[in-house]
Number of protein chains: 2
Amino acid sequence: MEAELKDLLNDLHTLKISLLDPSCQALVNKMQSRIEHLSKMEKLGNNQRSKIKDMSAEVVDSNPYSRLMALQRMGIVDNYERIREFSVAIVGIGGVGSVAAEMLTRCGIGRLLLYDYDKVELANMNRLFFRPEQAGMTKTDAAVQTLSDINPDVVLESYTLNITTVQGFETFMSSLTNKSFRPDKEGCGVDLVLSCVDNYEARMVVNQACNELNQTWMESGVSENAVSGHIQLLVPGETACFACAPPLVVASGVDERTLKREGVCAASLPTTMGIVAGLLVQNTLKYLLKFGTVTPYLGYNALKDFFPTMEMKPNPQCSNAACLERQKEYTLAKPARDAAARAKMEAEPLLEPEFLHEDNEWNISVVDDDEVQDPNASSGVADLPEGLVHELPSADEFQKPFISEETSNSVDDLDELRRQLEALNS
Amino acid sequence: MEAELKDLLNDLHTLKISLLDPSCQALVNKMQSRIEHLSKMEKLGNNQRSKIKDMSAEVVDSNPYSRLMALQRMGIVDNYERIREFSVAIVGIGGVGSVAAEMLTRCGIGRLLLYDYDKVELANMNRLFFRPEQAGMTKTDAAVQTLSDINPDVVLESYTLNITTVQGFETFMSSLTNKSFRPDKEGCGVDLVLSCVDNYEARMVVNQACNELNQTWMESGVSENAVSGHIQLLVPGETACFACAPPLVVASGVDERTLKREGVCAASLPTTMGIVAGLLVQNTLKYLLKFGTVTPYLGYNALKDFFPTMEMKPNPQCSNAACLERQKEYTLAKPARDAAARAKMEAEPLLEPEFLHEDNEWNISVVDDDEVQDPNASSGVADLPEGLVHELPSADEFQKPFISEETSNSVDDLDELRRQLEALNS
C-alpha cells in the first residue's frame with residue numbers, strides 16, 4: 001500500500017505542473033496533503049520490529065529476548081541462545097498447532113515448518129490465534145502472516161498440503177530430511193516433529209514418517225467433548241510408537257469415519273487447547289534446551305484438574321515394520337549406551353557446590369526441593385519462617401507411587417529379573 | 001482510512017469535470033483506478049465479523065459459536081448461552097491477564113472489565129497476545145483494539161489506572177459495583193474478579209476490595225524463574241483470603257521492593273503464562289457455567305509436570321477486618337445453608353437414567369469414570385476391548401489421598417469433633 005500511495009503522489013505532481021487554473025491547483029494541493037496523511041497513518045500501522053542479530057540479556061524495554069535470556073541467570077537453562085539452532089515441524093495448524101507455533105515463535109526458535117491444508121473459518125474463532133479477518137485464507141498463509149509480524153527472526157516454511165495423500169507424504173518426508181538450514185546436523189533436518197492433528201489417520205502418517213526417519217516426535221490431542229487432552233513423547237525404538245498402543249476406539253475395530261456424522265461437530269475450548277499447546281511446547285523447550293524432566297506422557301482432565309502421567313515401552317509385536325527395525329537398533333546399541341553412561345559418570349566427579357555470585361547482599365539462596373522433603377529435618381525447618389510447615393509432600397514424594405522403580409528400569413532389565421526369579425524358585 | 005479514500009475520489013471527480021486537456025484527464029482516470037484498488041484492499045484488510053444477536057448451535061463454517069454450543073450437546077454444559085450474562089473483571093493485562101481476556105472473549109463472555117496502567121513494550125513479546133506494532137500503546141488500549149476485532153459481541157470496559165493508588169482504588173471499587181450491565185443482578189456488578197498482577201501489593205488491594213464487597217475472586221501467579229505458577233479460588237468468609245495465608249516471602253518480613261534490583265528482570269515464558277491463564281479461565285468457566293469441579297488451589301511445576309492441589313480455610317486471626325466480618329456472616333448463615341442443602345436433597349429424588357437420543361444407531365454410550373474403577377468388575381471389563389485393562393487408577397482413586405474426608409468437612413465441624421474427642425478422653 002505504501003508504494004501505491006507514493007505512485008499517487010507522483011501522478012499528482014505531474015498533473016499540477018500541467019495545470020494552469022489556480023482553483024484546480026488548490027484542489028491538487030488538498031489531495032496531496034490527504035495522501036501524505038494516509039502514508040503517515042500507514043507507516044504507523046506497519047510499526048514492525050526489525051530483525052535482531054544476536055540475542056541479548058540486556059534489561060531494556062526494547063529487547064524482546066530479555067525475559068528469555070533471564071532463564072540463564074535464574075539457573076534454569078544453560079545456554080538459551082541455542083534455541084536459534086533448532087528446527088521444529090508442526091503438523092496441523094489448528095487450535096493446538098497454531099498456539100504451539102506462536103509460543104515457539106515468541107521464544108525465538110530458529111526455524112518452524114508448518115503443515116496444513118485447511119482454511120481459516122469463523123467457526124475456528126473460539127480458539128486462540130486466528131483472527132476473523134483471516135477467514136478464507138489457508139491456515140498456513142494466515143499463520144505465516146501473523147508469526148512473521150510477531151518475530152521476524154524466525155525462519156518460517158509453510159506447506160499447504162495433506163500429509164495423508166501420496167504426494168503430500170512425499171513432500172512431507174523430503175521437507176523433514178532437507179538440511180540446508182544446518183548442514184552439519186546429524187540425522188534429519190529437523191530436531192523435533194509436533195503432531196497437532198485431529199484424527200487417527202494423520203497421526204499414523206506422522207508415526208510412519210518418524211519411524212522411517214528415526215525422528216523423535218511429540219503427539220498431542222484434545223477430546224471431542226473439549227474437556228480433556230494429552231501430550232506424549234515418542235522416541236523410535238525406545239518408547240511405544242503410535243501403532244504400538246493404538247487408542248481404544250481403534251483397537252476395538254470401529255472405523256473412525258463412521259463416528260463422524262453430518263451436521264455434528266466436536267466441541268472445543270480455547271482453554272483446553274491453549275493448555276495442551278502450552279504443555280506441548282513446555283515439553284519441547286525442556287527437550288531441546290535440556291532442563292527439567294521431559295515428560296513421556298501427560299494427560300489433562302479439565303473437569304477434575306487431574307494430570308495422569310505414564311511411560312509406554314515399545315510393543316515387540318507392533319504392526320509397524322519401521323518401528324520393529326528401530327526397536328532392534330535400540331537393543332543392539334544397549335552395550336554402547338551403557339558404556340557411555342558409565343564413562344560419563346566416572347568423568348564427572350561429585351561437584352562441590354559453586355557460588356554463581358561472589359556477593360550476596362540479600363542472602364538469597366536457591367533451595368532444592370529434595371532438601372526440604374522432611375519438614376522435621378533441620379535444614380528444611382531452617383529455610384521456613386518460624387511457625388510455618390510444608391502442608392504438601394514434595395513433588396518427589398508424590399511421584400513415587402506413579403512411576404515405581406520397577407517400571408522405570410523396565411524392559412532392559414527384564415531378562416535379568418527373570419533370571420533372578422528363576423534362581424529363587426529353583 | 002476508508003473515508004479518506006472516498007474523499008480523494010470525490011476530489012478527483014470534481015477535478016476531472018473542470019479539466020479540458022485529454023492527457024490530464026487520462027492521468028486522473030489512472031489515479032481513480034489506483035484509489036479504487038486501494039479501497040478494495042482496505043476493505044479486504046478490514047474483513048471484520050459483524051455482531052451476532054443470538055448464539056446458535058448450527059454447524060456451519062461461518063458460525064463462531066458452533067464449537068462452544070456443542071458443549072451442550074456433549075452433555076458438558078447445561079446452558080452455554082448464559083455466558084453472555086456474565087461480567088468478569090481482569091486486574092493486570094500482562095502475560096497471564098491478556099491471554100485470560102482473549103480466552104474469555106473468544107468464549108463469548110458478556111462483559112470484560114480490564115485494569116492496567118502499564119504500556120506495551122517489545123520486552124513483552126516473549127509472551128502471547130500483544131504484537132510488536134502495539135509497542136508504546138497502553139496495555140488496556142492495545143487489548144481493547146485486539147479483543148474487539150476478535151469478538152465484537154463482548155462489551156469491553158477499559159480502566160487505565162493503578163489500583164494501588166487512592167484514586168485508582170476508588171475508581172476500581174465503583175466500577176465493580178456498577179450494575180448498569182445487568183440491573184437485576186444480586187450483589188456486585190461483576191460475577192468474578194481475576195487477579196493477574198505481578199506483585200504482592202496489588203494482590204492485597206484486590207483482596208481488600210473483594211473482602212469489602214463480598215465478591216468471589218480468583219488469584220493467579222507465575223514464579224520469577226518462569227517455571228512454576230498457581231491459581232487459587234477465594235470466596236470471602238468461606239476460604240482463606242489472601243491476608244489469611246500470605247506467601248512465605250511476606251511472612252518472613254522481607255520488603256518485596258528490596259528484592260528487585262536495577263537492571264535485573266524476572267524470567268518469563270509464553271508456555272507457563274499461557275498454561276496458568278488457561279487453568280484460570282477453565283476454572284472461571286466451570287464456576288460460571290456450573291460444570292466439573294471448581295478447583296480451590298492448583299499449582300503447576302513445569303520442571304516436573306507436577307500439579308499440587310489443596311484447600312485453605314479462613315484464618316480466624318486474619319489481619320484483614322473485612323475478612324473477619326465475612327467469616328462471621330458465613331458462620332451465622334450456616335443453619336440456613338444446611339437447611340437449604342437438606343431441602344434440595346429431599347426435593348431431588350434419585351433420578352432414573354434418561355436417554356437423550358431415542359435412536360442410537362452406533363450404540364454409543366457415555367461411561368462414567370466411577371463405573372470402571374475396578375478393572376475386574378464385570379461392567380468395567382465389558383466396556384474395554386478384549387485383552388485391554390486400565391493401566392492407571394481413575395481420577396477419583398487418585399484424588400483420595402489428597403483431599404481426605406476430614407479436610408473436606410473441616411472448620412464447620414471442628415467444634416463437633418472436639419466435643420467427640422473430649423467425650424472419648426474423659
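Each value, and the rule that gives it
- Residues numbered from 1 in each chain as written.
- Chains lettered and ligands numbered in written order.
- Predicted model: local features only at pLDDT ≥ 70, side-chain atom pairs only at ≥ 80, totals over all residues.
- Heavy atoms only, no water.
- UniProt positions renumbered as here; feature names shortened; annotations may be inferred.
- pLDDT = per-residue confidence, 0-100.
- Contact = heavy atoms within 4.5 Å.
- 1 Å grid on protein atoms, 1.4 Å probe; cavity = no way out; pocket = protein on both sides within 12 Å on 5 of 7 lines; lining within 4 Å.
- Points joined across faces, edges and corners; volume = space filled by probe spheres on them.
- Helix = DSSP H or I, 4+ residues; strand = E, 2+ residues; numbered from the N terminus.
- Nonpolar A, V, L, I, M, F, W, Y, C, P; charged D, E, K, R; others polar.
- Pairing = 2+ DSSP bridges.
- Axes fitted to C-alpha atoms, helices over the stretch in contact; angles between N-to-C directions.
- Phe/Tyr/Trp six-rings, centres within 6.5 Å; stacked < 30°, edge-to-face > 60°.
- Buried < 20%, exposed > 50% of the residue type's maximum accessible area, 1.4 Å probe, protein only.
- Lys NZ or Arg CZ within 6 Å of the ring centre and 35° of its normal.

Under an unreviewed UniProt entry, the name given to chain A is Ubiquitin-like modifier-activating enzyme 5, and the source organism is Buddleja alternifolia. If you open the UniProt record of chain A and go to Sequence similarities (unreviewed entry), you find "Belongs to the ubiquitin-activating E1 family. UBA5 subfamily."

### Brief notes about the confidence of the model for chain A
Residues and elements named next belong to chain A. Here chain A shows a mean pLDDT of 84. Residues at 70 or above account for 76%. Counting contacts from residues 371-382, a segment whose pLDDT is below 50, to residues more than four positions away or on other chains yields 11 contacts. Confidence over residues 396-412 falls short of pLDDT 50; this stretch has 20 contacts with residues more than four positions distant or in other chains. The ipTM assigned to the predicted complex is 0.76, against a pTM of 0.76.

### Describing empty space enclosed by the protein
Under the counting rule described, the total for this entry stands at 7 cavities of 30 Å³ or more. Here the largest cavity is characterised by a volume of approximately 180 Å³. Within the residue set of the lining of the largest cavity, elements represented by two or more residues are helix 4 (97-106) and helix 5 (139-150) of chain A together with helix 4 (97-106) and helix 5 (139-150) of chain B. For the lining of the largest cavity, the per-class residue count stands at 8 nonpolar, 2 polar and 6 charged.

### Some points on the sheet that holds strand 7 (residues 297-301) of chain A
All names here are of chain A. The sheet built from 7 strands is open, its strands ordered 3-2-1-4-5-6-7 with mixed pairing. Strands at the two margins of the open sheet, each flanked by one partner only, are strand 3 (155-160) and strand 7. Strand-to-strand twist across the sheet, computed as the mean angle between neighbouring axes with direction ignored, equals 15 degrees. Along the sheet face, helix 10 (residues 270-289) touches strand 1 (87-91), strand 4 (192-195), strand 5 (217-222), strand 6 (228-234) and strand 7 and points at about 170 degrees away from the line of strand 5.

### Brief notes about the packing of aromatic side chains
With the rule as written, the count across this model stands at 11 aromatic pairs over all chains. Seen in terms of ring centroids, A:Y115 and A:F172 are 5.0 Å apart; in terms of plane orientation they differ by 85 degrees. Their pairing is edge-to-face. With A:Y115 in strand 2 (residues 111-116) and A:F172 in helix 6 (residues 166-177), the pair connects residues that are 57 residues apart, well separated along the chain. By relative accessible area, A:Y115 is classed as buried at 2%. A relative accessible area of 0% means that A:F172 is categorised as buried. Centroid distance A:F129 to A:F130: 5.0 Å. Interplanar angle 80 degrees. Geometry classified as edge-to-face. Within the aromatic cluster, the residues linked to one another by ring pairs are A:Y300, A:F307, B:Y300 and B:F307. If you follow B:R337 out to its NZ or CZ, it ends over the ring of B:Y330, 3.6 Å from the centre.

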